[in-house]
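Structural characterization, general
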Amino acid sequence: YVKFAGDFDPSSVPDAEGLSKLRQQITAERGAGAERDYFHFKPVWQRALIVAPPKAGKTTLLKKIANSIVKNYPDVTVMVLLVDERLVPPDHERANAGLVRRHLMQNRAAEARFVPYVVDGHTPAECARLSQAAFEQDGHRLDACILGMGTDGHTASFFPGGDRLAEALDPEGDDKVLPIFAEGAGEPRLTLTLPPILDARFVALHIEGAEKRTTLETALGGTDVDAMPVRAVLHQTATPVHVFWAP
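All values reported here derive from a predicted model rather than from experimental measurement.

How each quantity is defined
Residues numbered from 1 in each chain as written. Predicted model: local features only at pLDDT ≥ 70, side-chain atom pairs only at ≥ 80, totals over all residues. Heavy atoms only, no water. Phe/Tyr/Trp six-rings, centres within 6.5 Å; stacked < 30°, edge-to-face > 60°. Helix = DSSP H or I, 4+ residues; strand = E, 2+ residues; numbered from the N terminus. Buried < 20%, exposed > 50% of the residue type's maximum accessible area, 1.4 Å probe, protein only. Lys NZ or Arg CZ within 6 Å of the ring centre and 35° of its normal. Pairing = 2+ DSSP bridges. Axes fitted to C-alpha atoms, helices over the stretch in contact; angles between N-to-C directions. Contact = heavy atoms within 4.5 Å. pLDDT = per-residue confidence, 0-100. Expected span 1.5 Å × (residues − 1). Arc of directions from axis to C-beta. Salt bridge = Lys/Arg side-chain N within 4 Å of Asp/Glu carboxyl O. Patch = residues over 30% accessible without salt bridge, like charges linked within 9 Å, V, L, I, M, F, W, Y side chains within 5 Å. Areas by Shrake-Rupley, 256 points an atom, 1.4 Å probe, with all protein chains shown as cover. Lys, Arg positive; Asp, Glu negative; His and termini not counted. Charge placed at Lys NZ, Arg CZ, Asp CG, Glu CD.

With that settled, consider the packing of aromatic side chains. On inspection of all chains with the given rule, the structure shows 1 aromatic pair. Relative to phenylalanine 135, the ring of tyrosine 117 has its centre 5.0 Å away and its plane inclined at 85°; by these criteria the two rings are edge-to-face. Within this pair, whereas tyrosine 117 is found in the loop between β4 (113-114) and α4 (124-136), its partner phenylalanine 135 is found in helix α4, the two being separated by 18 residues in sequence. The pair formed by tyrosine 117 and phenylalanine 135 is uniform in burial state, with each residue classed as buried. In this arrangement the basic side chain of arginine 213 is found over the ring face of tryptophan 245, its NZ or CZ atom lying 4.6 Å from the centre.

Residues of strand β2 (residues 78-81) alternate between two faces, with Val78 and Val80 on one and Met79 and Leu81 on the opposite face, all of them buried. With 2 bridges connecting them, β2 and β4 associate as parallel partners. Residue pairing in the sheet places valine 80 in a bridge with phenylalanine 114 of β4.

Take the sheet that holds strand β7 (residues 189-192) next. On the basis of which strands lie adjacent, the open sheet formed by 3 strands has the order β3-β7-β6 and antiparallel pairing. Of all the strands in the sheet, the pair left with one neighbour each is β3 (84-86) and β6 (177-180). Across the sheet, the axes of successive neighbouring strands diverge by a mean angle of 20°, strand direction being ignored. In terms of strand pairing, β3 meets β7 through 3 bridges, oriented antiparallel. In the strand pairing of β7, aspartate 84 is matched with threonine 191. Docked against the sheet, α4 engages β6 and β7, running at close to 155° with respect to β6.

Next up on the list: the confidence of the model for the chain. Low pLDDT marks stretches whose predicted atomic positions should not be read closely. Summing up the model confidence of the chain, the mean pLDDT is 82 and the portion of residues at 70 or higher is 75%. Contacts for the low-pLDDT stretch residues 1-6, under 50 throughout, to residues beyond four places or in other chains number 9 contacts.

Let us look at unusual backbone geometry. Phi angles above zero are rare outside glycine, and alanine 156 is one such case at about 50°. Checked against the element boundaries, alanine 156 lands in the loop between β5 (144-147) and α5 (165-168). Alanine 156 gets classed as buried once you look at its relative accessible area, which sits at 8%.

Attention now moves to α4. Taking 1.5 Å of rise per residue, 13 residues should cover 18 Å, and α4 covers 18 Å from first to last C-alpha, within 8% of that figure. Within α4, the full set of buried residues consists of Cys127, Ala128, Ser131, Gln132, Ala134 and Phe135. All buried residues of α4 project into a common sector of 160° when viewed along the axis, lining one side. Where α4 is buried, its residues contact β2, β6 and β7.

Now for the side chain of serine 157. Mapped onto the elements, serine 157 comes out in the loop between β5 and α5. A relative accessible area of 0% means that serine 157 is categorised as buried. Ignoring any residue separated from it by four or fewer positions in sequence, one finds serine 157 in contact with Asp84, Ile180, Arg189, Leu190 and Thr191.

Applying the stated rule across the entire model yields 9 salt bridges. Across the pair aspartate 199 and arginine 141 runs a salt bridge, and its minimum N-O distance is 3.9 Å. A residue pair is termed long-range when its members are at least 10 positions apart, and aspartate 199 in the loop between α6 (194-198) and β8 (202-208) and arginine 141 in the loop between α4 and β5 qualify at 58 residues. Note that aspartate 143 and arginine 201 form a salt bridge whose closest N and O atoms lie 3.0 Å from each other. On the criterion of sequence distance, the pair formed by aspartate 143 in the loop between α4 and β5 and arginine 201 in the loop between α6 and β8 is long-range, its members being 58 residues apart. Here aspartate 143 falls in the buried class, since its relative accessible area comes to 11%. For arginine 201, a relative accessible area of 32% puts it in the partly exposed group. The network of salt bridges with common partners includes Arg86, Arg94 and Glu187.

Turning our attention to a negative patch on the surface. A cluster of like negative charges, contributed by Asp170, Glu172, Asp174 and Asp175, occupies part of the molecular surface. With respect to the secondary-structure elements, glutamate 172 resides in the loop between α5 and β6. Residue glutamate 172 is classed as exposed on the basis of its relative accessible area of 67%.

See below:
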């Protein structure tokens with residue numbers, strides 16, 4: 001389900017020949033390798049893993065993506081997991097997993113495989129270990145990771161003042177999931193760490209409204225990661241980050 005690819009209208013390239021010409025045009029105008037910002041081809045037998053936090057304006061987009069993939073490529077296995085989760089029971093009203101099941105895993109998208117975090121019956125550290133083990137069963141990197149951002153400059157559960165923020169943002173860290181607590185987060189959380197996020201084939205930051213645009217501009221204008229952890233994503237140079245903003 002594609003409405004646009006950068007500033008190009010996909011309806012203008014309905015066949016392989018047109019697509020090839022478009023790739024050549026992008027390369028000529030923007031330099032070698034630029035076409036990778038618009039196209040990423042994978043054999044249909046490979047699996048896709050789409051990651052996004054709920055309540056950040058992306059549920060409809062993800063639902064349409066999942067529905068379209070399941071409909072058009074029935075042999076593809078679509079996996080969905082969350083960037084972060086509150087350490088509350090799965091049926092709790094503030095559990096992110098419940099939002100995914102109620103709003104995303106519907107219609108054809110219900111055929112996608114949702115892998116939730118382990119959130120109860122164990123210590124936070126053990127929940128993180130078990131969650132990481134569940135995510136690693138398939139042993140492949142994320143295909144798409146869609147991040148949100150709070151007005152305090154947090155993304156994922158990288159909150160200012162988090163007790164394990166430095167570990168979560170360590171680009172050389174071995175842990176892919178960590179428990180984290182910060183006063184601004186409310187409940188203790190589980191979060192993907194920075195390395196698996198930046199290892200994704202496509203990373204996007206999706207924000208809405210004037211207030212968050214101001215937050216983004218502030219984050220881009222400074223370097224203090226502890227004050228605004230989203231800077232760890234925005235200022236790194238290893239992985240392109242595509243920012244989508246809507247009024």
